[in-house]
Amino acid sequence: MWARFEKRLDAEIRFHLDELIQKYMKQGLTRDEARQRALREFGAVELAKDEVRDLRLFDWLQQFGRDLRVAVRVARRAPAFTVAVIATLAIAIGSAVAVFGVVYAVLLRPLPYPDPERLVSIENRTGKESKQDAVHMQQYQDWVSHASSFESVAAYNLFFEHGTFNLTGLGEPERLRGINVTANLLPMLGARAVIGRLFAKGEDQPGAVPVVVLSYSFWQRRFGAGSSIVGQQLIINDIPHIVAGVIAPELAYAGTLILSSGFDVYLPLIQGKQAYRYGMFLAVVGKLRPGVSRQQAREAVEALHRASFGNSELRDMRQDVRLLSERVNSTLQTPLWMLLGAVALLVFTGCANLANLFLARAAARTREFSVRAALGAGRSRLARQVLTECLLLAGIGAGIGVALAAAILRYLRGAEWLQMPRLAEMAIHWPVVLFAVAACGLTAILFGLAPALRVARAGVVSGLKEGARGTPGGGVRGGLRWALIVVQVSMSCVLLTGSGLLIRSLLKLLEVNPGFQPEQLVAMRVDPGERREHGPKMTAFFENILERVRALPGVNSAALGVNLPLDRNMRWGYTIRGQKEQSSLPPTAAVRMVSPGYFQTLGIRMYAGRDFSPHDNAQAPPVVVVNRTLAREIGAVIKPLGSKLRIAGREHEVIAIVEDTKHEGLDRESGTEYYLALAQTLPFPVVDVVVRSPLPVGSVSAAVRGAVWAVDRDQPVGKPQTLQALLDRSLSPRRFFTWILTAFAVFSALLAFAGVYGVVSYGVAQRTSEIGIRMALGATSSDVMRLFAAESIAVGFLGLAFGVAGALAFARVLRSQLYGITASDTMTLCGAALLISGCVVAATLFPARRATRLDPRQALGAE
């Protein structure tokens, strides 16, 4: 490449010379005379070539190559320094890239569907607090028919976990994970079939032939990815379903619309009027027409609702239209942006630490740079050399950091304990790579600018004199280095305060009584579906299973329940006898259907009344158990025990009051809830068998599965799950943010310690002769100690003052993530300040004590 450039440069110069020669020959000069005059006018050819080369990129690249080779040699001469810099950069940049990868996947990356900016969620809002509610089938059909603001409207069963998806007839029965969707939902989300097809129009209408679409993973796991599966029949819920096709694996349905690991099967959501009896059970997704805003769509939907349901019990519902992406990530926007801000503080702290290190090394290389300057190197040339050394180490650190970030994101993708949207999309995408490159360049400039400027401003004569004396330049006090220490201490204080607040908040949360005892509780789902007749036979089926499970060795107690704590949720309306209705929509409460012994098995405290008994069957008067929150509401009208609640059109007598359970998370207030006798509410086929046992989960699950199959060999049994795992999963996002911020804070505090230690050690090395003179004149060890401690501790406390102010501001951002403490928690702020103060004092005392042990004769002799 360089040879071609030289040939082209020679050809260009010859061309210009020939043009001048021809010009002068036309004026009557001979060729020799014309050539001599052209050369005089053109000037020195080699000088012209050098000027052109200086303007060319190739020369710059050559100079950069030379600087890079020098930087490699310098890095190899100081391996400890090089490793320290690279490790600091790898951790800082790796953390930043990993956090940005999470932020990009959850918040910034468009949803993996066609036209994601036009996809919206259409929701009902109820109550004064405008809580999100599901949609009625009648509403959905009305929107499909008359809502002109949407190109298409689709829906799926929001309570899919209550559905029945039992596969039989193919060896061991299996309870599948499935969902019912309208025929147009999958095409709206950009799904395609690997083999076969998706749902056809009309297959979600009453009377259509039952079909099923398989997920890619289920197709591979159960059928070995055989293409002959299309057109075959699968017995799902005792009904033959024809396999229409297999959906492609890139459909990111899981992790966006639902926090789930995915589905096995997709079944049509039948839209007949019989679905009206299920009430509010749909989640609706719409695709706006081009040019239609969300506000216009919301107004159109609200007007349509008033016109269609103004005289029905749904008239008090309000509608909302928001971007589908907002529905996916609404709860994580604040903590993720907060985490990105925290990692920025960590990067700045690392840069301040590295700037200090490079300033010290630049001071130690004063004589080297002075010699370079004396030999003709300009200031910009010396500064470029220092920046190249910084860029080399930054590039290596960034490369290792990106690899570290990729490993972190890969771990998060497979973390079963973490419940976050779009986990499967957390990877090193191109925007994340660009962020890594930008972070590398920015950090190189941030920590390399100060030493580069110092080298560029150094005087040749003074530098040679200082180098000859063996004393690094830069001044005794090192004002810039102390300023960087202020930055490090203040940022470390901010991060330590934030992590302390989150840790204390998490500890407060762990102290919250969930209302039940999750230890040693295992639940397994039994879902007969339509396999057996409802009523007494269904009740006898479950009672037989429960009797066998209770008789198993190692089982302390067992019960049946629908809607376990921290798992599924469902709300039904109720009215209190004697209370005047104030709106068309009755108040709702979380409903649980349980067997006798449920409260004992889960460890739910009973305050008054009695437990359900075997006599509370379908023939007995309906009864209900309420929690304390609902009991207080009933108590405002009538005495709770013995009062009547109207539920699902029937009067239920309140027979007991039990402890509130934290069903929606430990950080949420317990709402109203009531328990119905399972035998009085069947048919409700999806039931969990809950077992309290000290045995391992595998042993319990195998024993329960055997007990169920002893009753019915073809009955599928769900996978075991512990209630402790459910509790841990509900806390997983909060734990994730707490652990990450704590790791940032610890690393930042270590950097602050290292920064103070390095500055004081550098000061001791600079002032060796001064220390010798002072001690020779009678200065004591305490005098020498004060000489260094006074300055560093004063600077440290200055940084601490800035840090406290920044911590108070950062705590306000954290306010929404705190539980049980305030953002201005004095104990946390004082603890962070004390910890930082301890780091500053310790980092000062170690090198200062070393100075007190100097022998004055040796110190003066070194000078």
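Anything mentioned here points back to the structure above.
Residues numbered from 1 in each chain as written. Predicted model: local features only at pLDDT ≥ 70, side-chain atom pairs only at ≥ 80, totals over all residues. Heavy atoms only, no water.

(A) Seen up close, the packing of aromatic side chains. This model, assessed by the stated rule, comprises 14 aromatic pairs. Ring centres 6.3 Å apart and planes at 50° place the aromatic pair Tyr 598 and Tyr 675 in the tilted group. One end of the pair, Tyr 598, is in helix α18 (residues 598–602); the other, Tyr 675, is in strand β24 (residues 673–677), and 77 residues separate them in sequence. Each member of the pair, Tyr 598 together with Tyr 675, is buried. In this structure, Arg 628 is placed above the aromatic ring of Tyr 607, and the distance from its NZ or CZ to the ring centre is 4.3 Å. (Phe/Tyr/Trp six-rings, centres within 6.5 Å; stacked < 30°, edge-to-face > 60°. Helix = DSSP H or I, 4+ residues; strand = E, 2+ residues; numbered from the N terminus. Buried < 20%, exposed > 50% of the residue type's maximum accessible area, 1.4 Å probe, protein only. Lys NZ or Arg CZ within 6 Å of the ring centre and 35° of its normal.)

(B) Layout of the side chain of His 663. Here His 663 shows up in the loop between β23 (650–658) and β24. Within polar-contact distance, the side chain of His 663 engages the side chain of Arg 592 at 3.1 Å. Leaving out residues up to four positions away in the same chain, His 663 has contacts with Asn 563, Leu 564, Pro 565, Leu 566, Asp 567, Arg 568, Asn 569 and Arg 592. (Polar contact = N/O pair within 3.5 Å; in protein donor to acceptor, adjacent residues only side chain to side chain. Contact = heavy atoms within 4.5 Å.)

(C) Highlighting a positive patch on the surface. A cluster of basic residues, Arg 66, Arg 69, Arg 73 and Arg 77, forms a positive patch on the protein surface. Considering the arrangement of structural elements, one finds Arg 77 in helix α4 (residues 57–77). Relative accessible area serves as the criterion here: at 57%, Arg 77 is assigned to the exposed category. (Patch = residues over 30% accessible without salt bridge, like charges linked within 9 Å, V, L, I, M, F, W, Y side chains within 5 Å. Areas by Shrake-Rupley, 256 points an atom, 1.4 Å probe, with all protein chains shown as cover. Salt bridge = Lys/Arg side-chain N within 4 Å of Asp/Glu carboxyl O. Lys, Arg positive; Asp, Glu negative; His and termini not counted. Charge placed at Lys NZ, Arg CZ, Asp CG, Glu CD.)

(D) Molecular detail of the pattern of salt bridges. Enumeration over the complete set of coordinates arrives at 22 salt bridges. One salt bridge connects Arg 221 with Glu 174, and the closest N-O pair in it is separated by 3.0 Å. Placement of the pair is Arg 221 in helix α8 (residues 216–223) and Glu 174 in strand β6 (residues 174–175), with a sequence separation of 47 residues. Taking relative accessible area as the criterion, Glu 174 reaches 16% and is therefore assigned buried.

(E) How the structure looks around helix α6 (residues 137–146). Of all the residues in α6, the buried ones are Met 137, Gln 139, Tyr 140, Asp 142 and Trp 143. Next to the buried residues of α6 lie β1 (119–126), β3 (135–136), β4 (150–157), β13 (280–288), α9 (294–309) and β14 (318–323).

(F) View of unusual backbone geometry. Positive phi, close to 50°, is recorded for Asp 115, a residue that is not glycine. With respect to the helices and strands, the residue Asp 115 is situated in the loop between α5 (79–108) and β1. Taking the relative accessible area as the measure of exposure, Asp 115 reaches 30% and is therefore partly exposed.

(G) Structural context of the packing of α6 against α9. Running from N to C, α6 and α9 cross one another at 120°; their axes reach a closest spacing of 11 Å. Looking at the two axes, α6 sits oblique to α9. Helix-helix and strand crossings are classified by hand; for α6 and α9 the assignment is right-handed. Mapping the contact onto sequence places Gln 138, Gln 139, Asp 142, Trp 143 and His 146 in α6 and Val 301, Leu 304, His 305, Ser 308 and Phe 309 in α9. (Axes fitted to C-alpha atoms, helices over the stretch in contact; angles between N-to-C directions. Parallel < 35°, antiparallel > 145°, perpendicular 65-115°, else oblique. Left-handed = near helix turned anticlockwise from the far one by under 90°.)

(H) View of the pairing of β13. Along β13, eight of the nine residues are buried, which leaves the element largely enclosed by surrounding structure. Looking at chain direction, β1 and β13 are connected through four bridges and run antiparallel. The partner of Val 120 across the bridge, within β13, is Gly 286. The pairing of β3 with β13 spans two bridges and is classified as antiparallel. Its bridge partner lying in β13, His 136 is registered against Met 280. One ladder, built from seven bridges, connects β4 with β13; its direction is antiparallel. Residue pairing across strands places Phe 150 opposite Leu 288, the latter belonging to β13. (Pairing = 2+ DSSP bridges.)

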